[in-house]
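Survey of secondary and tertiary structure
One-letter residues, chain by chain:
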Amino acid sequence: MPQDSRSIYGGQAVIEGVMFAGKHVNVTAVRRKNDEIVFYEVPRTTKSWIQVLKKIPFVRGVVGILESSAKGSQHLNFSMETYAEDEAGEEQDTVKAVQAAKAKEEKKTGWSLSMLVGVAVAGVLSFIFGKLIFTAAPAAIEELLFAGVFDNKVGHNLLEGLIKIILLLAYLYFISMTPLIKRLFQYHGAEHKVISAYEAGEELTIRNVQKYSRLHYRCGSSFIVFTVIVGVVVYSLPFFTWDSIWERIYIRILLLPLVLGISYEVLRWTNALREFPVLRYLGYPGLWLQLLTTKEPRDEQVAVSIASFKRMLELDRQMK
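Below or above, wherever it landed, is the structure these notes cover. (Residues numbered from 1 in each chain as written. Predicted model: local features only at pLDDT ≥ 70, side-chain atom pairs only at ≥ 80, totals over all residues. Heavy atoms only, no water.)

1. Comments concerning the pattern of salt bridges
Inclusion rule: We define a salt bridge as a contact between a side-chain nitrogen of Lys or Arg and a carboxyl oxygen of Asp or Glu at a distance within 4 Å. Strands here mean DSSP runs of E at least two residues long; helices mean DSSP runs of H or I at least four residues long; both are numbered from the N terminus. When a residue's accessible area, from a 1.4 Å probe over protein chains only, is under 20% of the maximum for its type it is buried; when over 50% it is exposed; and in between it is partly exposed.
The full count for this structure, using the stated rule, is 12 salt bridges. For Arg311, the salt bridge goes to Glu41, with nearest N and O atoms at 2.8 Å. Linking Arg311 in helix α11 (residues 299–319) with Glu41 in strand β4 (residues 37–43), this pair joins segments that are 270 residues apart in sequence. No difference in accessibility class separates Arg311 from Glu41, as the two residues are buried. Bridged by salt links that share partners, the residues Glu142, Glu143, Glu160, Arg248 and Arg252 form one connected network.

Dropping the structure here:
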């Protein structure tokens, strides 16, 4: 979940668990089949030049997204390994699991280093590839099916945006029907509930957390919606014209960093204004999309989310 100037903590659902990002550490909690919860704890370290880029408007969004994709993939890899071991019926002592998880980050030698780098690169490449597909495909479909419908580019861009939304909703709907993704979306809902309860000052118990909505204003789903809206506006600017389907596609790809950068700034702006009675509705499209990207969690899933968040708070206090 993207962070803004008003939020300290962000979260991300992983397979059978939840990752929370604090000021100084990222923590993933995963429930094993024997009901024990294991943690993967990684101190947050960022290169100085990345910190500089993250302070530059319209650049910080792209940098933050790529950084989150890389780090999130490391935690996803840990949760998938734990899930695969349980599915294969392998018994592993909890203490050994925790030590092995920490060793991946702390030793930085041999398999640990190569795996961490490989997973981080794979996460970034997967994000970029996904964005390219959802950028190029709608443009190509609109051009092939509706090339002669409108005389102006704005109409084509609006139709392209509509096609992009339809493809996105269809994709999310069908993958949410699979048992594994459904559980992932339940953990996503649990993550939102825990953050909402914490922001409200509630004691983090299962009963208290379950009272809150699975939807959260700062979720990355809002960012996805904004990229579609901002894309329509940017592509409609008079100096971005095209004469063929290939020109249309590569212009979209070249403008993708700009669209992502502007969308991130719009997200920060709407988050800052969400307390105003009228302007808070700007974030509602993202909340509506979360009806697909989150599911109501079970109590045991909320318990994992609470454990992850509390462990993150504890380590943040120790490392402050």
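There's plenty left to go through after this.
2. Some words on the nonpolar core
The line we're drawing: Only buried Ala, Val, Leu, Ile, Met, Phe, Trp, Tyr and Cys residues count toward a nonpolar core, and they belong to the same one when joined by side-chain atoms within 4.5 Å.
Ranked by internal contacts, the top residues of the largest apolar core, which has 23 residues, are Phe20, Val194, Leu204, Val209, Phe309 and Met312. Listed by contribution, the elements that provide at least two residues to this core are β2 (17–21), β3 (25–31), α6 (179–199) and α11. A per-element tally of this core places α11 first, with eight residues. Formed by eight residues, the second largest nonpolar core is a distinct cluster that contains Val230, Tyr235, Phe240 and Leu255.

3. Quick word on the packing of aromatic side chains
This is how the line gets drawn: A pair of Phe, Tyr and Trp rings is counted when the ring centres sit within 6.5 Å of each other, with Trp represented by its six-membered ring. The angle between the planes then sorts it: under 30 degrees is stacked, over 60 is edge-to-face, the rest tilted. Placement of a positive charge over a ring is assigned whenever Lys NZ or Arg CZ falls within 6 Å of the ring centre and within 35 degrees of the normal to the ring plane.
In this structure the tally under the stated criterion is eight aromatic pairs. Ring centres of Tyr284 and Trp288 lie 6.3 Å apart, and the angle between their planes is 80 degrees; on these two criteria the pair is classed as edge-to-face. Taken together, the residues span about one helical turn, with Tyr284 and Trp288 both in helix α10 (residues 284–293) at a distance of four residues. Judged by relative accessible area, Tyr284 falls into the partly exposed class, the value being 22%. Residue Trp288 is classed as exposed on the basis of its relative accessible area of 56%. Three or more aromatic residues joined by ring pairs form one cluster here, namely Phe20, Tyr198 and Phe309. One cation-aromatic arrangement involves Lys153 over Trp242; the distance from NZ or CZ to the ring centre is 5.0 Å. Its end group placed over the ring of Tyr235, Arg252 keeps NZ or CZ at 4.3 Å from the ring centre.

4. Considering a nonpolar patch on the surface
Our working rule: Here the term patch refers to residues with relative accessible area over 30% and no salt bridge, with like charges joined within 9 Å and nonpolar side chains (Val, Leu, Ile, Met, Phe, Trp, Tyr) within 5 Å. Only the protein chains shown count as covering a residue, and every accessible area follows the Shrake-Rupley method with a 1.4 Å probe.
On the surface, Ile141, Leu144, Leu145 and Leu167 cluster together into a nonpolar patch covering about 370 Å² of accessible area. Looking at the nonpolar patch element by element, the count peaks at three residues for helix α4 (residues 110–146). By the secondary structure assignment, Ile141 is in helix α4. Here Ile141 falls in the partly exposed class, since its relative accessible area comes to 31%.

5. Section: the pairing of β2
Rule in force here: Note: two strands are recorded as paired if DSSP finds a minimum of 2 bridges between them.
Counting buried residues in β2 gives five out of five residues, a clear majority hidden from the surface. Residues Gly17, Met19 and Ala21 of β2 are buried on one face, and the alternating residues Val18 and Phe20, pointing to the opposite face, are buried as well. When β2 meets β3, the two strands line up antiparallel, connected through five bridges. By the bridge assignment for β3, Gly17 is matched with Val30. Hairpin connection from β2 to β3: three residues lie between these consecutive antiparallel strands.

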